[in-house]
Amino acid sequence: MSRTITVKGVTLGAGATKICVPMVGKTRQQLKDEAALMTTLDLDVVEWRVDFFEQVEDIAAVKEILMQIRSILKDIPLLFTFRSAKEGGEREVSTDFYFQLNREIATTGQVELIDVELFNEEQAIEELIEVAHAHDVFVIISNHDFDKTPPRDEIVARLKRAQDLGGDIPKIAVMPISPLDVLTLLEATYRMKEQYADRPIITMSMAGAGVISRIAGEVFGSALTFGAANKASAPGQVAVGELRNVLSLLHRNL
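Residues numbered from 1 in each chain as written. Predicted model: local features only at pLDDT ≥ 70, side-chain atom pairs only at ≥ 80, totals over all residues. Heavy atoms only, no water.

## Notes on the UniProt feature "active site" (unreviewed entry) in the protein
On the UniProt side, "active site" (unreviewed entry) is annotated at positions that read His144 and Lys171 here. Spanning 28 residues, the named residues nonetheless gather at one spot, since no C-alpha pair among them exceeds 8.5 Å. Along the polypeptide, His144 turns up in strand β7 (residues 138-145). Among the residues examined, His144 registers a relative accessible area of 10% and is labelled buried. Residue contacts for His144: discarding those within four places in its chain leaves Arg83, Glu87, Lys171 and Ala173. By the secondary structure assignment, Lys171 is in strand β8 (residues 169-174). (UniProt positions renumbered as here; feature names shortened; annotations may be inferred. Helix = DSSP H or I, 4+ residues; strand = E, 2+ residues; numbered from the N terminus. Buried < 20%, exposed > 50% of the residue type's maximum accessible area, 1.4 Å probe, protein only. Contact = heavy atoms within 4.5 Å.)

Written out as structure tokens, the structure is:
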């Protein structure tokens, strides 16, 4: 059994799959409105997709609105994510800035989790993890393939590498070309959980064909799934209310 991680009373890796809902506002006002909306939804974690924010390259501005978001969300766990363009995000920045932004946010005391992408220089990832852990921040090490679904063993290898680097929660999202690709992702998830994982993992197959992977995490081993409020941040995200109903149905029957 993989060990669990508890963030502000939310335990990942035990019981029903937990729900994370992204905030994708471009302006400060949009973000404050989104944060207020989040407090009305049946969710477990909020993700701030900061790559959507129009002032993201001004770290002082990011910190300022982050404090306002935190004050609105109160005790809801907050995941800070800059998703690079090469992995499906809204913009590209230099590698130096990417790590500087994440380091500085990890030290603010305003977030519980940060996301760092797997395909970066290992030393930079390990140094960021060290900073995050020094400030009691958990690290998701993620990989996103919007073109295809890699073979099962490659999916497992990427999750293992994220774990070996010291990530608290390895994550992978892949794009299915056929329903068989969804089965590949689910098999890889189960194999990782049963044979290698000593911590929670997050996996998903994207787009419509992959929706089943977003709701079957408790069966196959994915600890967190992503739902949509106003606007999805990735293809295949299900409205949060519908997602909770299905996850609860599944949990009651296991």
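The discussion continues.
## Notes on the sheet that holds strand β3 (residues 18-23)
Strand-to-strand pairing in sheets goes through backbone hydrogen bonds, with the strands running parallel or antiparallel. Here we have nine strands laid out as an open sheet, ordered β9-β8-β7-β6-β5-β4-β3-β10-β11, and parallel in their pairing. Both edges of this open sheet fall to β9 (202-205) and β11 (238-239), since each of them pairs with a single strand only. Pairing of β8 with β9, which is carried by four bridges, proceeds in the parallel orientation. From the neighbouring strand, Lys171 faces β9, where its bridge partner is Ile202. In this fold helix α6 (residues 179-195) packs onto β8 and β9, with an angle of close to 170° to the strand it touches most, β9. (Pairing = 2+ DSSP bridges. Axes fitted to C-alpha atoms, helices over the stretch in contact; angles between N-to-C directions.)

## Some remarks on the packing of aromatic side chains
Going through the model one piece at a time under the given rule, you end up with four aromatic pairs. Pairing Trp48 with Phe80 gives two aromatic rings, centres 5.7 Å apart and planes at 80°, and the pair type is edge-to-face. A residue pair is termed long-range when its members are at least 10 positions apart, and Trp48 in strand β4 (residues 45-49) and Phe80 in strand β5 (residues 78-81) qualify at 32 residues. According to the relative accessible area criterion, Trp48 is buried, its value standing at 0%. Ring geometry for Tyr98 and Phe99: centres 5.2 Å apart, planes at 85°, overall edge-to-face. By the burial criterion, Tyr98 is buried, and Phe99 matches it. One aromatic cluster is present, formed by Trp48, Phe53 and Phe80 through successive ring pairs. (Phe/Tyr/Trp six-rings, centres within 6.5 Å; stacked < 30°, edge-to-face > 60°.)

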